[in-house]
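Examination of the molecular architecture
Spelled out from the first residue to the last, the chains are:
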Amino acid sequence: YLQSKEDSSKTLISSPADMFANEEGGPEPDWVITEREQFSDFRDLNKDGKMDKDEIQHWILPQDYDHALAEARHLVYESDVDKDQKLTKEEILDNWNMFVGSQATNYGEDLTRNHDEL
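Residues numbered from 1 in each chain as written. Predicted model: local features only at pLDDT ≥ 70, side-chain atom pairs only at ≥ 80, totals over all residues. Heavy atoms only, no water.

If you look the protein up in an unreviewed UniProt entry, it shows as RCN1 protein from Alaudala cheleensis.

This is the structure:
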């Protein structure tokens, strides 16, 4: 956390510029520009130039984001070689390391159980 100098509120970042100090005076790198846009468009919801507790919570644990669905889509996208939106046993086994590291498979534990769909 960064302590705001103007008041006693704690913020994660008060601006993306806090993450980058350009000592050479040149242009900002692309990642700083991208972070500035993300901060302005999606993180600083009340547009006060800093993130308060509610904004940090929304950023870390958004209510409208399904983590399980996102992880499942990621696994299918990365493992579905023939792009038919279905995973074969071979596709799963060929990418076993992705599945054993995934929370969607309970870190591989679910792969050891018998499944009719496989």
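1. Considering the overall build of the protein
The number of helices and strands found in the protein is 5 helices and 2 strands. The linear arrangement of helices and strands in the protein, starting from the amino end, is β-β-α-α-α-α-α. The buried share among the 118 residues of the protein stands at 19%. For the protein, the proportion of contacts with a sequence separation of at least 24, taken over those separated by at least 6, is 27%. Taken as a whole, the protein presents about 9,200 Å² of accessible surface, with 51% of it coming from carbon and sulfur. (Helix = DSSP H or I, 4+ residues; strand = E, 2+ residues; numbered from the N terminus. Buried < 20%, exposed > 50% of the residue type's maximum accessible area, 1.4 Å probe, protein only. Contact = heavy atoms within 4.5 Å. Areas by Shrake-Rupley, 256 points an atom, 1.4 Å probe, with all protein chains shown as cover.)

2. Things to note about a nonpolar patch on the surface
On the surface, Trp59, Ile60 and Leu61 cluster together into a nonpolar patch covering about 300 Å² of accessible area. Take Leu61: it is sitting in the loop between helix H2 (53-60) and helix H3 (67-79). Residue class for Leu61 comes out exposed when judged on its relative accessible area of 52%. (Patch = residues over 30% accessible without salt bridge, like charges linked within 9 Å, V, L, I, M, F, W, Y side chains within 5 Å. Salt bridge = Lys/Arg side-chain N within 4 Å of Asp/Glu carboxyl O.)

3. With respect to the packing of aromatic side chains
One pair of aromatic rings is described through two measures. These are the centre distance and the angle between the planes. With the rule as written, the count across this model stands at 0 aromatic pairs. Seen from the ring of Tyr77, Lys83 lies directly overhead, with NZ or CZ sitting 5.0 Å from the centre. (Phe/Tyr/Trp six-rings, centres within 6.5 Å; stacked < 30°, edge-to-face > 60°. Lys NZ or Arg CZ within 6 Å of the ring centre and 35° of its normal.)

4. Here's the deal with the pattern of salt bridges
All told, the structure shown has 2 salt bridges when counted by the stated rule. Measuring nitrogen to oxygen at the nearest pair gives 2.4 Å for the salt bridge that ties Arg36 to Glu28. A salt bridge links Arg43 to Glu35; its shortest N-O distance comes to 2.8 Å. Overall, the relative accessible area of 12% leaves Arg43 in the buried class. Given the relative accessible area of 22%, Glu35 is considered partly exposed.

5. Let's talk about helix H1 (residues 30-43)
Look at H1: 18 Å from first C-alpha to last across 14 residues, which is about the 20 Å you get at 1.5 Å a residue. Tucked into the core, H1 has its buried residues touching H2. (Expected span 1.5 Å × (residues − 1).)

6. Remarks on the side chain of Asn95
Here Asn95 is to be found in the loop between helix H4 (89-94) and helix H5 (96-100). A polar contact of 3.2 Å, which involves the side chain of Asn95, links it to the backbone oxygen of Glu91. Apart from residues no more than four positions distant in its own chain, Asn95 is found in contact with Glu78 and Ser79. (Polar contact = N/O pair within 3.5 Å; in protein donor to acceptor, adjacent residues only side chain to side chain.)

7. Some remarks on the side chain of Arg43
Its place among the elements puts Arg43 in helix H1. Sequence-distant contacts of Arg43, defined by excluding residues within four places in its chain, comprise Glu35, Gln38, Met51, Glu55 and Trp59.

8. Remarks on unusual backbone geometry
Unlike most non-glycine residues, Lys83 shows phi in positive territory, near 55°. If you trace the backbone, Lys83 turns up in the loop between H3 and H4. Phi at Gln85 takes a positive value of approximately 65°, unusual for a residue other than glycine. If you trace the backbone, Gln85 turns up in the loop between H3 and H4. For Gln85, a relative accessible area of 63% translates into the label exposed.

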